[in-house]
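Results of the structural survey
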Amino acid sequence: MREADRRRLRRARMAALLLSPPLGSDGPVSALAVARELGALQAQDYGSGVWSLGVRSGLTLEQVEQAVVDHEVVRTWPMRGTIHWVPAEDARWMCELLASPRSTTLATRFAQLGITEADVELSGRLFEQHLREPMSRPDVAALLVDHGIDPTDQRNYHLIGHHCMSGLICQGPVIGKQPSFVLIDSWVPYSRKPSREEGLATVAERYVRSHGPVTEKDLAGWLLKPLGLTREALALVGDRIVSEVLDGQRWLTHVDARPVPEGPGGVHLLPQWDEFLLGYKSRDVTLPPEHFVKVVPGRNMVFKPTLVVDGEVAGTWRRVQKREHVLVEVSPFADLSARRWREVDAAAAAYGTFLGTEAEVVRVGPADRTA
């Protein structure tokens, strides 16, 4: 692919992902607005997940957590066997349509852990009886112990995950420093009930609009579903999706795609499991292959937080918590100009504002230029 086409795809994706400019650049918007636009945001790590909402919305951590208390968004397991933020109103149907609590992989894991069908059924009954109000994860484990279910060796995690994937429960607000779990029917004031076709069309349309340009394999990977189902979902969206062919590959964009701003895309400090990378089957457009191992050292889908410059991964960063402030250690892959470092400082300051503290940038790696 020509570099000019690659740059154009990167700019379009940054706009679609609500990053350039952020959806909340003219003032904070709700966490619900972000979740509705993106459909789902990967959030298996809590700190990364809340920043994925914060960097797009302009909200603080406290405000994001209040959005959970206000029943706007929830964390649950809607697809790929991992945790995402989704609009609260969509949590149940997305799990029922897209999650696979009875998949072969999970069945094998249950067998390895000695989780029986009786354990699954009993835990479901216990959750229905006791999770009408949010209960912390340790208290859920204690509930299982009290009724003869061993929660150790990740059994607690897998039983909770199973019942989240089935649409019975979801995460509630943080209690202390622990996640909580609650019945969706008790926690979510209104759950949408689209038909199968409406649900598939909604998922496909939101994905293409918020991640495009994409390929059909990107959507299949995002859903972890066969290409046949992916193509069915895309067909249901009809002429609201347009395509173009670049270098022999068909790229999909929504007719109402966010306008792409002129000029460079700026500097962003994105969390380790952000949709910017995790939202695609192929990441070559935004992550040069020669840098992949620097972002995923173990080649095991454990990503480092990324420094993104003009829509391309240009380094990594990490947070170091101090008593009075937070250090943001930034490791670019190549030297940055003084102007770019000023943009890094601004991005770090925004992250500090999100956390409610001061943020100090520590430069690690190539020396900066003066221009």
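Residues numbered from 1 in each chain as written. Predicted model: local features only at pLDDT ≥ 70, side-chain atom pairs only at ≥ 80, totals over all residues. Heavy atoms only, no water.

This next bit is on the packing of aromatic side chains. This structure, assessed with the given rule, holds six aromatic pairs. Residues tryptophan 51 and phenylalanine 354 carry aromatic rings whose centres are separated by 5.0 Å and whose planes lie at 50 degrees to one another, so their mutual orientation is tilted. Highlighted residues: tryptophan 51 in helix α3 (residues 46-57) and phenylalanine 354 in helix α16 (residues 338-355), separated in sequence by 303 residues. Among the residues examined, phenylalanine 354 registers a relative accessible area of 3% and is labelled buried. (Phe/Tyr/Trp six-rings, centres within 6.5 Å; stacked < 30°, edge-to-face > 60°. Helix = DSSP H or I, 4+ residues; strand = E, 2+ residues; numbered from the N terminus. Buried < 20%, exposed > 50% of the residue type's maximum accessible area, 1.4 Å probe, protein only.)

What follows covers helix α7 (residues 117-130). Taking 1.5 Å of rise per residue, the 14 residues of α7 would be expected to cover 20 Å, and the 20 Å separating its terminal C-alpha atoms lies within 8% of that figure. Within α7, the full set of buried residues consists of Asp119, Val120, Ser123, Gly124, Leu126 and Phe127. Angular distribution of buried residues about the axis of α7 spans 165 degrees; they occupy a single face of the element. Across α7 from its buried face, at more than 90 degrees, point the exposed residues Ala118 and Gln129. Where α7 is buried, its residues touch α6 (104-113), α8 (137-146), α9 (155-165), β5 (169-171) and β6 (180-183). (Expected span 1.5 Å × (residues − 1). Arc of directions from axis to C-beta. Contact = heavy atoms within 4.5 Å.)

Relative to strand β8 (residues 249-254), strand β7 (residues 241-246) runs antiparallel, the two being bridged by six bridges. By the bridge assignment, valine 242 is partnered in β8 with threonine 253. What sits between the antiparallel neighbours β7 and β8 is a turn of two residues, in which aspartate 247 has the positive phi angle 55 degrees. (Pairing = 2+ DSSP bridges.)

In this fold, aspartate 90 is placed in the loop between β3 (82-87) and α5 (91-98). A polar atom in the side chain of aspartate 90 sits 2.9 Å from the side chain of tryptophan 93. (Polar contact = N/O pair within 3.5 Å; in protein donor to acceptor, adjacent residues only side chain to side chain.)

Here we come to the packing of α8 against α9. At a minimum axis distance of 10 Å, the contact between α8 and α9 shows a crossing angle of 100 degrees. Classified by the angle their axes make, α8 and α9 are roughly perpendicular. When α8 is examined against α9, the residues Arg137, Val140, Ala141 and Leu144 are found in contact with a partner set consisting of Asn156, Leu159 and Ile160. (Axes fitted to C-alpha atoms, helices over the stretch in contact; angles between N-to-C directions. Parallel < 35°, antiparallel > 145°, perpendicular 65-115°, else oblique.)

So, about empty space enclosed by the protein. If you walk through the whole model with that rule in mind, you get two cavities of 30 Å³ or more. Considering only enclosed or pocket space, the largest cavity measures out at about 60 Å³ in volume. Here the residues of the lining of the largest cavity sort into three nonpolar, four polar and three charged. Taken as a whole, the second largest cavity encloses approximately 50 Å³ of empty space. Around the second largest cavity, the lining residues are Gly39, Trp93, Met94, Thr202, Val203, Arg206, Tyr207 and Trp222. Elements supplying a minimum of two residues to the lining of the second largest cavity: α5 and α11 (196-211). (1 Å grid on protein atoms, 1.4 Å probe; cavity = no way out; pocket = protein on both sides within 12 Å on 5 of 7 lines; lining within 4 Å. Points joined across faces, edges and corners; volume = space filled by probe spheres on them. Nonpolar A, V, L, I, M, F, W, Y, C, P; charged D, E, K, R; others polar.)

So, on to the sheet that holds strand β9 (residues 267-270). Overall, mixed pairing links the five strands, which are arranged β9-β10-β11-β12-β13 in an open sheet. Unpaired on one side and paired on the other, β9 and β13 (358-363) mark the two borders of the sheet. On average, adjacent strands in this sheet sit at an angle of 30 degrees to one another, irrespective of strand direction. Pairing geometry for strand β11 (residues 312-321) and strand β12 (residues 325-332), over seven bridges, is antiparallel. Its bridge partner lying in β12, tryptophan 317 is registered against valine 330.

So, on to the environment of leucine 200. For leucine 200, the position within the fold is in helix α11. Classification of leucine 200 by relative accessible area gives buried; the value is 3%. When the C-alpha atoms of leucine 200 and leucine 97 are compared, they prove to be 8.1 Å apart, with 103 residues separating the residues in sequence. If we skip the residues at most four places from it in the chain, leucine 200 touches Leu97, Leu229, Glu232, Ala233 and Leu236.

Here we take up the sheet that holds β3. Here we have three strands laid out as an open sheet, ordered β1-β3-β2, and antiparallel in their pairing. Each having just a single partner strand, β1 (41-42) and β2 (73-79) make up the two edges of the open sheet.

Another point: the pairing of β3. With respect to burial, β3 is a largely interior element, six of its six residues being buried. As paired elements, β1 and β3 share two bridges and run antiparallel to each other. Its bridge partner being in β3, glutamine 42 is matched across the sheet by histidine 84. Pairing geometry for β2 and β3, over five bridges, is antiparallel. Paired with valine 73 across the strands is proline 87, a residue of β3. As consecutive antiparallel partners, β2 and β3 are separated by two residues, and within that stretch arginine 80 has a phi angle of approximately 60 degrees, a positive value.

For the rest of this paragraph, the subject is unusual backbone geometry. Following serine 20, the chain continues to proline 21 via a peptide bond in cis, the omega torsion being -5 degrees. Topologically, proline 21 is positioned in the loop between α1 (3-16) and α2 (31-38). The residue after glycine 212, namely proline 213, is reached through a cis peptide bond having omega 5 degrees. Among the structural elements, proline 213 can be located in the loop between α11 and α12 (216-223). Despite not being glycine, histidine 71 has its phi angle at roughly 65 degrees, a positive value. Tracing the backbone through its elements, the reader meets histidine 71 in the loop between α4 (61-69) and β2.

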